[in-house]
Amino acid sequence: QKEVEQNSGPLSVPEGAIASLNCTYSDRGSQSFFWYRQYSGKSPELIMSIYSNGDKEDGRFTAQLNKASQYVSLLIRDSQPSDSATYLCAVQHTGNQFYFGTGTSLTVIP
Amino acid sequence: NAGVTQTPKFRILKIGQSMTLQCAQDMNHNYMYWYRQDPGMGLKLIYYSVGAGITDKGEVPNGYNVSRSTTEDFPLRLELAAPSQTSVYFCASRTNPGQGSNNYGYTFGSGTRLTVV
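Note that the structure is predicted; figures quoted are calculated from it, not measured.

Another point: the interface of chain B and chain A. Taken residue by residue, the interface counts 24 residues in chain B and 21 residues in chain A. Overall, the association of chain B and chain A removes approximately 1,600 Å² of surface from exposure, summing both partners, and the carbon and sulfur fraction of that is 53%. At the boundary of chain B and chain A, one finds zero salt bridges. Taken together, the connections running from chain B to chain A amount to five residue pairs in polar contact (both at pLDDT 80 or more).

This is how it looks when you write it as structure tokens:
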């Protein structure tokens, strides 16, 4: 069973703080890693992708990948109330399928 | 560019009825997927396709069927609807490596909320 694990939360942070979201995966052969944001009642929206070890920054978002430890994280700097959503981690194992975690609910408190 | 279009957005079915959820994409993506999302359970893959005429089962295919006669369309068929099929259904597509993109995550449709009573 290929698993992707996320802390379901809820995670609450004050506005302007850094939100840290974590994800672990079971398959060492995993190749590609994605973070999606999903607002309540909406479809998931791709916000970050990362394919190699290290950090990848895009605006206020930073994705971090450590293949040796089999984890991927997402940092959101200067968190805003509009960042309040569920964040889904997705992992592509060998093959054409992506496996999703159950998501972490983030609330940014004004 | 419409992206991924799903219809209908909402539907109520009676037990035993059948229906087809429509999905179309205009991005010339070879890869298409059907997921269902239940509260607290994440996204579960039902079926996927890597190109016209090629489909394969995902994690939870029972009670569903798919076809892929064109690159653009990937309909999902529910036969003999059951209450366990009450869920939100998402269609997604993605480019494949070699199509010139460095980012090949999914693009999702807006979803179909299905209730079976």
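Residue and element names in this part refer to chain A. In space, the five strands of this open sheet follow the order S1-S3-S8-S7-S6, with antiparallel pairing throughout. Pairing within the sheet leaves two strands with one partner each, and these edge strands are strand S1 (4–6) and strand S6 (54–58). In this sheet, adjacent strand axes meet at a mean angle of 20° when their direction is disregarded. Taken together, the five bridges between S6 and strand S7 (residues 61–66) define a ladder with antiparallel strand orientation. Along S7, the bridge assignment pairs Asp-58 with Phe-61.

In this section: the sheet that holds strand S3 (residues 19–25) of chain B. Residue and element names in this part refer to chain B. Across the sheet, which stays open at both edges, the four strands sit in the order S1-S3-S8-S7 with antiparallel pairing between neighbours. Bordering the open sheet on either side are strand S1 (4–7) and strand S7 (64–66), each of which pairs with just one other strand. Adjacent strand axes in the sheet meet at a mean angle of 20°, parallel and antiparallel pairs treated alike.

Right, let's get into the environment of Ile-12 of chain B. Residues and elements named next belong to chain B. Its location among the elements puts Ile-12 in strand S2 (residues 10–13). Separated by 83 residues in the primary sequence, Ile-12 and Thr-95 have C-alpha atoms spaced 33 Å apart. Sequence-distant contacts of Ile-12, that is, excluding residues within four places in its chain, are made with Thr-115 and Val-117.

A word on the state of the cysteines. Applying the stated criterion to the full structure yields two disulfides over all chains. Disulfide partner of Cys-23 of chain A: Cys-89 of chain A, at an S-S distance of 2.1 Å. Between Cys-23 of chain A and Cys-89 of chain A, the S-S torsion sits near -70°, and that sign places the bridge as left-handed. Taken together, the residues Cys-23 of chain A in strand S3 (residues 19–25) and Cys-89 of chain A in strand S9 (residues 85–92) connect sequence positions 66 residues apart. Using a relative accessible area of 1% as the deciding quantity, one classes Cys-23 of chain A as buried. With relative accessibility at 0%, the residue Cys-89 of chain A sits in the buried group. Between Cys-23 of chain B and Cys-91 of chain B runs a disulfide, and the two sulfur atoms are separated by 1.8 Å. As the torsion about the S-S bond is roughly -70°, the Cys-23 of chain B-Cys-91 of chain B disulfide counts as left-handed. With Cys-23 of chain B in strand S3 and Cys-91 of chain B in strand S9 (residues 87–94), this pair connects stretches of sequence that are 68 residues apart. A single burial state applies to Cys-23 of chain B and to Cys-91 of chain B, both of which are buried.

Thresholds applied
- Residues numbered from 1 in each chain as written.
- Chains lettered and ligands numbered in written order.
- Predicted model: local features only at pLDDT ≥ 70, side-chain atom pairs only at ≥ 80, totals over all residues.
- Heavy atoms only, no water.
- Contact = heavy atoms within 4.5 Å.
- Buried area = accessible area lost by both parts, 1.4 Å probe.
- Salt bridge = Lys/Arg side-chain N within 4 Å of Asp/Glu carboxyl O.
- Polar contact = N/O pair within 3.5 Å; in protein donor to acceptor, adjacent residues only side chain to side chain.
- Pairing = 2+ DSSP bridges.
- Helix = DSSP H or I, 4+ residues; strand = E, 2+ residues; numbered from the N terminus.
- Axes fitted to C-alpha atoms, helices over the stretch in contact; angles between N-to-C directions.
- Disulfide = S-S within 2.5 Å.
- Buried < 20%, exposed > 50% of the residue type's maximum accessible area, 1.4 Å probe, protein only.

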